[in-house]
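Descriptive structure summary
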There are 2 protein chains.
Amino acid sequence: MKIALIGHRGHWGYVLRDLARLPEVEVSAISGGGDAVEPMAETLKKYYDKEFALYDDYRKMLDEAECDLVMVDGPFELHAEMCVECLKRSKHVFCEKPVALTLEDLEKIEDAYRQAAPGTRVVSMVGLRTEPAFHAAWRAVDSGAVGKVQMINARKSYKLGQRRDFYKKRSSYGGTIPWVGSHALDWILWFSGSRFKTVGAFHSSAENRDHGDLEMTAAVMCQMENGVIGTASIDYWRPLTAPTHGDDQVRVAGTDGVIEVAHGECTLINQGGVRKIALSEDRGIFYDFVRAILDGTPGIVSAEDTFELTRACLAARDDADMNMEDDLEECCIQQNCSQK
Amino acid sequence: MKIALIGHRGHWGYVLRDLARLPEVEVSAISGGGDAVEPMAETLKKYYDKEFALYDDYRKMLDEAECDLVMVDGPFELHAEMCVECLKRSKHVFCEKPVALTLEDLEKIEDAYRQAAPGTRVVSMVGLRTEPAFHAAWRAVDSGAVGKVQMINARKSYKLGQRRDFYKKRSSYGGTIPWVGSHALDWILWFSGSRFKTVGAFHSSAENRDHGDLEMTAAVMCQMENGVIGTASIDYWRPLTAPTHGDDQVRVAGTDGVIEVAHGECTLINQGGVRKIALSEDRGIFYDFVRAILDGTPGIVSAEDTFELTRACLAARDDADMNMEDDLEECCIQQNCSQK
């Protein structure tokens, strides 16, 4: 299997990390996707010691270089266009989340997906699905450890540090709910096993330490089609002195128990008492995607999940924008963010 | 100081527990407030060995028995009427929360409060303000340990067990957001130091094990007038095997740090690193109320807090009712739940 890489703004490290255990995969070409390609090549060489071509123009690369699969990690505002260009050529796509920064752009991807050759895949990098504690929790929930899921609480808290300029503009960043919050909403999607029915959100860029539009604080609340209620707390307030970059947590309460992931551990309380759950192996989200294609299996994340998650994130962000307007007479929770 | 007690449905244990260390307080009379008074008298005698009068009719008691302060813990739907009767007679009131089950009833209390003799106090039993870990967190936040507060996440999760019949009807219970969630919203009010600007909520009575209207699951999201964003997760899904009845948690993120209360401990992360905070002494919410009256100090909770909290809880509950309607075209977050 040949793969081409576009861009290195976000989590292309998922690909780098998993290349070593995917001997079936050859990197045929890379493009900076608008950013410089040389530093990207330097980094890649540390993980991959074969030849690959360099392109400035990613479209030219897609036309010329052999590839079955494309990783998209260019400027956030170009994710959608890049996905569409890949899908037009019926290439599988492994794209940084969110795959689109507007609902209009998301629709373009969905259209291109429907028109691509049957079996073409597109997923976003929801890497925390394969993180050992979260995956262990999901397996437990999937096997009925908490009964029927009723409520999901998610937390994403990051250190801000000093972010690059593109984080400071809504047009090139997309917003904290889609960027950081996508993981939180993905857990709600994944653990509930249902599509989103209604989402509501607040966010604020107050006290953002000269980071322009970037929202430091956000909250999302949602109701799923199957009745599950979810909350997500999303922020950049994690102190620099904290032991890890991210404080990632999820709690899933069901009719027969409660399971929580926090600090890399997974704790279950049900009729069997309180106990830690054995962590899953770290499968890797890129490894999973490639293996699923090679083996013809569904994989841990689908195109439908990707579209649904992106739609929910963008609907929540847009709702938060509306709710934060000072002169608002009435603010509305986004209804039916799912396409039926 | 003489006190009269009305009812024993909820947390009148706050009074019982603190009587021993308030030798200034004499119980003059008690009334079942609609429920039988004899079992109430039996329980009181275990904590208080002097004489007191028994009344079936609480109004008659208020007219006849000497008292400066009245505890109200009757049927939830009578809290408001009982508060009004006390305030009409300019008695201080220590009332189970929520003090009213409807916004109309809340207004009646506020009217009676404004017409009572200056200095008359009315507070609700937000007992967790004096719980050692929560109080320690509040002291730390108040002293600037996390800088300017930006986000507050609250969790209340209780064991359901088998509840008495009055919990099963909205008309006699009021809803899970006002009953259980009032603590969560109170932390948001207290830690933010601001009034509520906007609240939104979902709730659901699904899978409530034959508990009628009782909502098992609820989520509230709010924006405060000072910009703080809050989330509250409220449920009855705590498994019977869990070590404690309630899983009470709060997280306060600010410009300079994050503080969390969970499992009775308080953890601070700021420029000083990660550390546990020494717990406060257990002052007791009733003890605090009486001492504040005797000493002429503000006390840990005010009438304004009580009204604001009740208004937010009821607005959230009403919003959740609206949001859960299946045929809803558009659902709205309650705007300006505060009276300006």
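Remember, it's a predicted structure, so these values are computed and weren't measured experimentally.

This paragraph deals with the overall build of chain A. Across its full length, chain A carries 11 helices and 15 strands. For 340 residues, the compact-globule estimate of 2.2 N^0.38 gives 20 Å, and chain A sits close to it at 20 Å. Projected onto the principal axes, the alpha-carbon positions of chain A cover approximately 55 × 50 × 45 Å. Looking at chain A residue by residue over its 340 residues, the buried ones come to 56%. Taking contacts inside chain A between residues at least 6 apart in sequence as the whole, the part at least 24 apart equals 76%.

Turning to the relation of the copies chain B and chain A, a few remarks are in order. With an RMSD of 0.0 Å, the fit of chain B onto chain A corresponds to turning through 180° and sliding 0.0 Å along the axis. Such a turn and shift between the copies fits a two-fold axis. Of the interface residues in chain B, 98% have counterparts in chain A that sit at the interface too, so the contact is made through matching surfaces.

With 43 residues of chain B in contact, the opposing surface of chain A contributes 43 residues. Tallied by class, the residues present in the side of chain B that touches chain A amount to 19 nonpolar, 19 polar and five charged.

Residue and element names in this part refer to chain B. Here Ala65 shows up in the loop between helix 3 (58–64) and strand 4 (69–72). Distance in space between the C-alpha atoms of Ala65 and Val37 is 15 Å, their sequence separation being 28 residues. In contact with Ala65, not counting residues within four places along its chain, are Ala4, Ser28, Ala29 and Ala53.

Our next topic: the domain arrangement of chain A. All names here are of chain A. Here the domain parsing of chain A yields domain 1 (2–125) and domain 2 (132–281 + 314–323). If you average the C-alpha positions of domain 1 and of domain 2, the two centres end up 26 Å apart. With nine residues of domain 1 at the interface, the matching set in domain 2 holds eight residues.

Take helix 4 (residues 79–88) of chain A next. Residue and element names in this part refer to chain A. With respect to burial, helix 4 is a largely interior element, eight of its 10 residues being buried. When we look at burial in helix 4, the residues that qualify are His79, Ala80, Met82, Cys83, Val84, Glu85, Cys86 and Leu87. Turning to helix 4, the residues buried within the fold contact strand 1 (2–6), helix 3 (58–64), strand 4 (69–72), strand 5 (92–95), helix 5 (103–115) and strand 6 (122–124). Downstream of helix 4 by a residue or two, Ser90 has a phi angle that is positive, lying close to 55°.

A few words now on the nonpolar core. With 230 residues, the main nonpolar core has Cys83, Ala137 and Val220 of chain A together with Cys83, Ala137 and Val220 of chain B as its most contacted residues. Aside from chain neighbours lying at most four places away, what touches Cys83 of chain B is Val72, Val93, Cys95, Val99, Ile109 and Val122 of chain B.

This part covers the sheet that holds strand 1 (residues 2–6) of chain B. All names here are of chain B. In spatial order, the strands read 3-2-1-4-5-6; together these six strands make up an open sheet with parallel pairing. Strand pairing shows two members of the sheet lacking a second neighbour, strand 3 (53–55) and strand 6 (122–124), which therefore form its edges. Ignoring which end each strand starts from, the neighbouring axes of this sheet average 20° apart. In this structure, strand 5 (residues 92–95) lies alongside strand 6, joined through three bridges in parallel fashion. When the sheet's bridge partners are listed, Phe94 is paired in strand 6 with Val123.

Our next topic: the sheet that holds strand 1 of chain A. All names here are of chain A. Within the open sheet, the six strands sit side by side as 3-2-1-4-5-6. Their pairing is parallel. Both edges of this open sheet fall to strand 3 (53–55) and strand 6, since each of them pairs with a single strand only. In this sheet, adjacent strand axes meet at a mean angle of 20° when their direction is disregarded. In this sheet, strand 5 lies alongside strand 4 in parallel orientation, the contact comprising four bridges. What sits directly across from Leu69, in strand 5, is His92.

As a further point, take helix 11 (residues 303–323) of chain B. Counted at 1.5 Å a residue, the expected span for helix 11 of chain B with its 21 residues is 30 Å, and the 30 Å between its end C-alpha atoms agrees. Taking burial as the measure, the 21 residues of helix 11 of chain B include 16 buried ones, the bulk of the element.

Another aspect to go through is the environment of Lys108 of chain B. Residues and elements named next belong to chain B. Along the chain, the position of Lys108 falls in helix 5 (residues 103–115). Here Lys108 falls in the partly exposed class, since 16 other C-beta atoms lie within 10 Å of it. It is 39 Å that separates the C-alpha atoms of Lys108 and Leu240, two residues lying 132 residues apart in sequence.

The subject of this paragraph is the packing of helix 9 (residues 181–192) of chain A against helix 11 (residues 303–323) of chain A. The relative placement of two packed helices comes down to the angle between their axes together with the axis-to-axis distance. Residue and element names in this part refer to chain A. Axis separation between helix 9 and helix 11 bottoms out at 10 Å; the angle between their running directions is 125°. Comparing the axis directions of helix 9 and helix 11 gives the class oblique. As for the relative orientation of helix 9 and helix 11, their crossing is right-handed in sense. Counted together, Gly181, Ser182, Leu185, Asp186 and Leu189 of helix 9 and Asp305, Glu308, Leu309, Ala312 and Cys313 of helix 11 form the full contact between these two elements. Along the lines of polarity and charge, the residues of the contact of helix 9 with helix 11 split into five nonpolar, two polar and three charged.

Time to look at the pairing of strand 13 (residues 265–270) of chain B. All names here are of chain B. Note that strand 12 (residues 257–262) and strand 13 share six bridges and pair antiparallel. Bridge pairing in strand 13 links Val261 to Cys266. In this structure, the hairpin formed by strand 12 and strand 13 is closed by a connection of two residues, where His263 is found at a positive phi of approximately 55°. Where strand 13 hands over to strand 14 (residues 273–276), the hairpin turn is made up of two residues, counted between the paired strands.

Before going further, it helps to spend a moment on the packing of helix 4 (residues 79–88) of chain B against helix 5 of chain B. Residues and elements named next belong to chain B. Contact pair helix 4 / helix 5: the axes reach a minimum separation of 9 Å and the direction vectors enclose 10°. As far as their axial angle goes, helix 5 and helix 4 are roughly parallel. Seen from helix 4, the contacting residues are Ala80, Cys83, Val84, Leu87 and Lys88; seen from helix 5, they are Asp105, Leu106, Lys108, Ile109, Ala112 and Tyr113. Looking at the contact of helix 4 with helix 5 residue by residue, the class counts come to eight nonpolar, no polar and three charged.

Attention shifts here to the confidence of the model for chain A. Per-residue confidence for chain A averages 95 on the pLDDT scale, and 96% of its residues sit at or above 70. Between residues 327–332 of chain A, whose pLDDT stays under 50, and residues either more than four places distant or in other chains, the model counts 12 contacts.

Turning next to the pairing of strand 8 (residues 196–204) of chain B. On a regular strand, one side chain projects to one face of the sheet and the next to the other, so that they alternate. All names here are of chain B. Across the nine residues of strand 8, nine count as buried, placing the element largely inside the fold. As defined by bridge partners, strand 8 adjoins strand 9 (residues 217–224) across eight bridges and the pair is classed as antiparallel. Paired with His203 across the bridge in strand 9 is Ala218.

About the cut-offs
Residues numbered from 1 in each chain as written. Chains lettered and ligands numbered in written order. Predicted model: local features only at pLDDT ≥ 70, side-chain atom pairs only at ≥ 80, totals over all residues. Helix = DSSP H or I, 4+ residues; strand = E, 2+ residues; numbered from the N terminus. Rg over C-alpha atoms; globule rule 2.2 N^0.38 Å. Buried ≥ 20, exposed ≤ 12 C-beta atoms within 10 Å, placed from the backbone. Contact = placed C-beta atoms within 7 Å. Least-squares fit on C-alpha atoms with pLDDT ≥ 70 in both. Nonpolar A, V, L, I, M, F, W, Y, C, P; charged D, E, K, R; others polar. Domains from an automatic or database assignment. Core = buried A, V, L, I, M, F, W, Y, C linked by C-beta atoms within 7 Å. Pairing = 2+ DSSP bridges. Axes fitted to C-alpha atoms, helices over the stretch in contact; angles between N-to-C directions. Expected span 1.5 Å × (residues − 1). Parallel < 35°, antiparallel > 145°, perpendicular 65-115°, else oblique. Left-handed = near helix turned anticlockwise from the far one by under 90°. pLDDT = per-residue confidence, 0-100.

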